[in-house]
Amino acid sequence: MKILITGGAGFIGSHVVRRFVRNYPDYKIYNLDALTYAGNLENISDIEHEPNYAFIKADITDAAAITAIFKEHAFDGVIHLAAESHVDRSITDPLAFVNTNVLGTLNLLNAFKEVWAGNFDGKLFYHVSTDEVYGTLGAEGLFTETTPYSPNSPYSASKAASDHFVRAYGETYGMPFVLTNCSNNYGPNHFPEKLIPLFINNIIQNKPLPVYGDGNYTRDWLFVKDHAVAIDLVFHKGKNHQTYNIGGFNEWKNIDLVKLLCVIMDEKLGREKGTSEKLITYVKDRPGHDLRYAIDASKINKELGWEPSVTFEEGLDFTVNWFLDNHDWLKNVTSGEYLKYYEKQYSHGV
Ligand code: NAD
Ligand code: TYD
């Protein structure tokens, strides 16, 4: 089995690549990544010399390059994670999200279709998506697999479009596919533009914690390694042409989560209780900010027996320790381009 994993130098992709390389020595795992600001080979340096692993530096927006790579390797399976993934960046540069998330996905679909030319026996295209395609929930209810798509940000609109194309290729060309929509992940290697790693980094540096709006927005948090387990299960046992929702059964209002993080960080850093909370700064809200995401993960639970393996307390503790123990990683990814982004994004607020 030759498996292509795209975006394997990013946050979630690196955990998926590691899991597949370690658990399936008989598979050959190809990690294709353009190494954008979010991609970092350090994330997978521990497995880079394994005999069943290869890295391909390529951009999924480059149709000719992608076709040539598929012709050369004839991948049996694709697990597609490469994407522009940050909502705030999508608000300032929507086109970048259309290019990578929509056109890039189409290039992969076309290359897969061309190589197998209708003979898809034993082949699979796995598209990794987000719960944000469903839009926002009010105070009640959960997203199920049949919730209508109603994306509100350029990021979620681009992911929704890519989901539709995957499904359309399944129906139109008989391409075998599975699709998962997952809630917010957290864990090691999370890029510090997203809430949890950004706030851990700012607390370490005694910098303000920019909470958007009133902080009463709710997200459903899942430990990244549990997402990787779910992806492994769906890839091997998921039903063809099916969607599975993946979530943490773990809803937190941003402000409550931030306060919890402050308590944990004060303890870990040996700071006086209440020190980090003083860094909380309410800033201008994100435009089109979705109020609440929450996943009903009962389908994947019933059909495939998946459930999160760690509690939020355990996962958060592990994550904070990882960031404190991997100071060099944090320092490397928060230099250069990151500083420019940070200044632009938060120049009005903190
Ligand atoms: P990330 O931003 O950390 O990593 C994205 C990776 O894709 C990087 O390694 C980057 O270099 C690569 N990439 C970007 N553009 C590329 C291009 N044009 N060609 C090739 N590679 C490119 O993202 P993540 O948080 O790990 O998310 C991975 C996937 O999971 C995305 O599809 C995202 O929509 C989805 N997802 C993320 C979350 C979350 O909470 N982070 C939740 C649900 C679903
Ligand atoms: P984020 O990690 O960007 O994930 P997403 O927007 O995909 O859910 O944000 C999580 C929540 O935290 C979201 O409600 C926006 C909020 N947030 C802040 O309040 N301040 C910040 O600086 C960031 C990055 C996010």
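Here's a quick rundown of the structure. Within any chain, residue numbers begin from 1 and follow the written order of that chain's sequence. Each chain gets a letter, beginning with A, and each ligand a number, beginning with 1, in the order they are written. The predicted nature of this model means local features are confined to residues of pLDDT at least 70 and side-chain atom pairs, given and counted, to a pLDDT of 80 or more, with totals for whole chains, interfaces and linings taken over all residues. Just so you know, side-chain values use all the structure's heavy atoms and leave hydrogens and water out.

Section: the site of ligand 1
Test applied: Any residue with a heavy atom lying within 4 Å of a molecule or strand is counted as near it. Whenever a nitrogen or oxygen atom comes within 3.5 Å of another N or O atom, the pair is scored as a polar contact, on the condition that within protein one atom can donate a hydrogen and the other can accept it, and that pairs from neighbouring residues in sequence are kept only if both atoms are in side chains. Using a 1.4 Å probe, the Shrake-Rupley method yields the accessible areas, and only the shown protein chains count as cover for residues. For the purposes of this entry, the term helix denotes a DSSP run of H or I that reaches at least four residues, the term strand denotes a run of E that reaches at least two, and both are numbered from the N terminus.
Around ligand 1, the structure places 28 residues, and the nearest of them are I12, D33, S85, Y155 and K159. In the model, an oxygen atom of ligand 1 is placed 2.7 Å from a nitrogen or oxygen of the Y155 side chain. With respect to ligand 1, the side chain of K159 contributes an N or O atom lying 2.7 Å from an oxygen atom. Burial of ligand 1 by the protein amounts to 96% of the accessible area it has alone, namely 840 Å². Breaking the shell around ligand 1 down by element, the ones donating at least two residues are α1 (11-23), β5 (124-130) and α5 (154-173).

Notes on the sheet that holds strand β6 (residues 177-182)
Going by this rule: Paired strands are those between which DSSP finds at least two bridges. Each axis is a line fitted through C-alpha atoms, and for a helix only the stretch in contact is used; angles between axes span 0 to 180 degrees, taken between their N-to-C directions. Note on definitions: a residue-residue contact is assigned when non-hydrogen atoms from the two residues lie within 4.5 Å.
Taken in spatial order, the 7 strands of this open sheet run β3-β2-β1-β4-β5-β6-β11, and their pairing is parallel. The open sheet terminates on both sides in strands that have one partner only, identified here as β3 (53-57) and β11 (242-246). Neighbour-to-neighbour, the strand axes of the sheet open up by a mean angle of 20°, direction not taken into account. Sheet topology places strand β4 (residues 77-80) next to β5; 4 bridges connect them, and they run parallel. In the strand pairing of β5, I79 is matched with Y126. Helix-sheet contacts for helix α2 (residues 63-73) involve β1 (2-6), β2 (28-33), β3 and β4, and the interaxial angle to β2 is about 175°. Strands β5, β6 and β11 of the sheet are contacted by α5, whose axis makes an angle of about 155° with β5.

Thoughts on the packing of helix α6 (residues 195-204) against helix α8 (residues 254-269)
What counts, and what does not: Throughout this description, any angle smaller than 35 degrees is read as roughly parallel, any larger than 145 degrees as roughly antiparallel, any in the 65 to 115 degree range as roughly perpendicular, and the remainder as oblique. Definitions for this section: a left-handed crossing has its near helix turned counterclockwise from the far helix by less than a right angle. A right-handed crossing has that turn clockwise. Under the convention adopted here, Pro, Cys and the residues Ala, Val, Leu, Ile, Met, Phe, Trp and Tyr are nonpolar, Asp, Glu, Lys and Arg are charged, and Gly plus all remaining residues are polar.
α8 packs onto α6 with a crossing angle of 40° between their chain directions and a minimal axis gap of 10 Å. By the angle class used here, α6 and α8 are oblique. Considering the relative orientation of α6 and α8, their crossing is right-handed. Within the contact between the two elements, α6 uses L195, I196, F199, I200, I203 and I204 and α8 uses N254, L257, V258, L261, C262, M265 and L269. Per-class residue counts for the contact of α6 with α8 are 12 nonpolar, 1 polar and no charged.

So, the packing of aromatic side chains
Stated precisely, the cut-off is as follows: Pairing of aromatic rings covers Phe, Tyr and Trp, the last through its six-membered ring, and needs centres within 6.5 Å; plane angles under 30 degrees mean stacked, over 60 mean edge-to-face, and all others mean tilted. For every residue, the accessible area (1.4 Å probe, protein chains only) is compared with the maximum for its type, and the residue is labelled buried under 20%, exposed over 50%, or partly exposed between those bounds.
Tallying each qualifying case throughout the model produces 24 aromatic pairs. Note on F97 and Y155: the rings are 6.3 Å apart at their centroids and 80° apart in plane angle, and the pair reads as edge-to-face. In this pair, F97 is assigned in helix α4 (residues 94-116) and Y155 in helix α5, connecting sequence segments 58 residues apart. The class for F97 is buried, based on a relative accessible area of 1%. Residues W252 and F312 carry aromatic rings whose centres are separated by 5.3 Å and whose planes lie at 45° to one another, so their mutual orientation is tilted.

Quick word on the environment of I204
Following the sequence through the fold, I204 ends up in helix α6. C-alpha of I204 to C-alpha of Y282: the two residues are 78 residues apart in sequence and 19 Å apart in space. Residues contacting I204, with those up to four places away along its chain left out, are M265, L269, R271, L324, H327 and L330.

Structural notes on the environment of S158
Along the chain, S158 falls in helix α5. Measuring from C-alpha to C-alpha, the distance between S158 and L95 comes to 9.3 Å, with 63 residues separating the pair along the chain. For S158, the residues in contact, after removing those within four places along its chain, are F97, V98, N101 and V102.

Quick word on unusual backbone geometry
With phi around 65°, H241 is a residue other than glycine that occupies positive phi space. When you line up the elements, H241 lands in the loop between α7 (224-237) and β11. Residue class for H241 comes out partly exposed when judged on its relative accessible area of 28%. A positive phi angle, close to 50°, is found at F249, a residue other than glycine. With respect to the secondary-structure elements, F249 resides in the loop between β11 and β12 (251-253).

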